[in-house]
Amino acid sequence: MTGTVVVKLGGSVITDKSESETVDRDALDAAAAALGEADADLVVVHGGGSFGHHYADEHGVTTERGTRDAADALAIHDAMTRLSREVVDALQSAGVPALPVRPLSAGSRNADGDLSLPTDQIRRLLGEGFAPVLHGDVVAHEGEGVTVVSGDELVVEVAPAVDADRVGLCSTVPGVLDGEDAVIDRIGSIDEVADVLGDSDATDVSGGMAGKVRSLLALDAPAQIFGPDALAGFLAGEAPGTTVDGR
Ligand code: IP8
């Protein structure tokens, strides 16, 4: 398969969340190896895991609650920079022409919390044969200082900008689960899953499955939510886990 694929590696997949700043080496290398085999133009986004979330929690910073303390903001950003470096190194070692893109340097939120992210550099990097790697980060937020931007939000911003053919969220669960913990094959509207996912307001952007599904439904490309074992299959063109397609 060819085309442009946006893949999010969940922070819980590539780090050990129980230990601060600990990469799950086997999981990261396995994901990088799968991405190295992919016959597609790749944009990779990753979450915070035991890097960003640790510092965000310590300093009380969320997607809505910010800080104006530059040292606190830097602690969160620096931790994500360290994780990004691990991811970029693993990807390059697996043959992916990965280069980091820092959301703090480009993105911002308005007073309503809406994210804006310039994407010319991402498109240009892709066009020149690179694989841009974005990460959850902190961004300037009008009236709040800086707040967290999650990997999921970045996926939703970047996918339309690069005209993605497919979007994959590799998480620790094998898909969206129903009331009996079975993977739901396909979701075409939020109403279909309201009883199992519960309701979610528009600000449920960091972690909640309902918020994740709601924002993926708004995309112009089909999205898959699947577990780490299914990444290679997804990249080969299979549709593992849950397909979220609101078109
Ligand atoms: O793990 C959050 O990204 P996520 C990143 O995708 C930070 O929610 C800085 C905590």
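If you're wondering where the values come from, they're calculated on a predicted model, not measured in any experiment.

## Section: the overall build of the protein chain
Right, on to step 1. The helix and strand tally for the protein chain stands at nine helices and 12 strands.
Right, on to step 2. Evaluated residue by residue, the protein chain yields a buried proportion of 48% over its 247 residues.
Right, on to step 3. In the protein chain, 16 side chains carry a positive charge and 43 a negative one; their mean positions are 4 Å apart.

## Overview of the confidence of the model for the protein chain
Right, on to step 1. With 96% of its residues at a pLDDT of 70 or more, the protein chain has an overall mean of 93.
Right, on to step 2. Taken together, the stretch residues 200–205 has pLDDT below 50 and engages in 11 contacts with residues farther than four places along the chain or on a different chain.

## Remarks on the packing of helix H2 (residues 25–36) against helix H4 (residues 70–93)
Right, on to step 1. Running from N to C, H2 and H4 point in directions that differ by 50 degrees, and their axes come no closer than 8 Å. Classified by the interaxial angle, the pair formed by H2 and H4 is oblique. In the packing of H2 onto H4, the handedness of the crossing is right-handed. Taking contact as the criterion, the partners of Arg-25, Leu-28, Asp-29, Ala-32 and Leu-35 in H2 are, on H4, Glu-86, Val-87, Ala-90 and Leu-91.

## With respect to the pattern of salt bridges
Right, on to step 1. Under the counting rule described, the total for this entry stands at 10 salt bridges.
Right, on to step 2. Of the charged contacts, one joins Glu-153 and Arg-109 as a salt bridge, the two residues approaching to 2.8 Å between their closest N and O atoms. With Glu-153 in helix H6 (residues 151–161) and Arg-109 in strand E4 (residues 108–109), the pair connects residues that are 44 residues apart, well separated along the chain. Comparing Glu-153 with Arg-109 shows no difference in burial state: the two are buried.

## A few points about H6
Right, on to step 1. Burial runs high along H6: eight of the 11 residues are buried.
Right, on to step 2. Immediately downstream of H6, the backbone of Asp-163 shows phi near 55 degrees, a positive value.

## Looking at the side chain of Thr-67
Right, on to step 1. Mapped onto the secondary structure, Thr-67 falls in the loop between helix H3 (49–58) and H4.
Right, on to step 2. On the basis of relative accessible area, Thr-67 is assigned to the buried category, the value being 11%.
Right, on to step 3. A distance of 3.0 Å separates a polar side-chain atom of Thr-67 from the backbone nitrogen of Asp-69.
Right, on to step 4. For Thr-67, the contacting residues outside a window of four places in its chain are Val-61, Asp-72, Ala-73, Glu-144, Gly-145 and Val-146.

## Some points on the sheet that holds strand E8 (residues 145–149)
One key point about sheets: their strands pair by backbone hydrogen bonds, in either a parallel or an antiparallel sense.
Right, on to step 1. Reading across the sheet, the four strands line up as E5-E4-E7-E8 and stay open at both edges, with mixed pairing between neighbours. Two strands in the sheet have a free side with no partner beyond their single neighbour: strand E5 (115–116) and E8.
Right, on to step 2. Relative to the sheet, H6 contacts E4, E5 and E8, its axis offset from that of E8 by approximately 80 degrees.

Thresholds applied
- Residues numbered from 1 in each chain as written.
- Predicted model: local features only at pLDDT ≥ 70, side-chain atom pairs only at ≥ 80, totals over all residues.
- Heavy atoms only, no water.
- Helix = DSSP H or I, 4+ residues; strand = E, 2+ residues; numbered from the N terminus.
- Buried < 20%, exposed > 50% of the residue type's maximum accessible area, 1.4 Å probe, protein only.
- Lys, Arg positive; Asp, Glu negative; His and termini not counted.
- Charge placed at Lys NZ, Arg CZ, Asp CG, Glu CD.
- pLDDT = per-residue confidence, 0-100.
- Contact = heavy atoms within 4.5 Å.
- Axes fitted to C-alpha atoms, helices over the stretch in contact; angles between N-to-C directions.
- Parallel < 35°, antiparallel > 145°, perpendicular 65-115°, else oblique.
- Left-handed = near helix turned anticlockwise from the far one by under 90°.
- Salt bridge = Lys/Arg side-chain N within 4 Å of Asp/Glu carboxyl O.
- Polar contact = N/O pair within 3.5 Å; in protein donor to acceptor, adjacent residues only side chain to side chain.
- Pairing = 2+ DSSP bridges.

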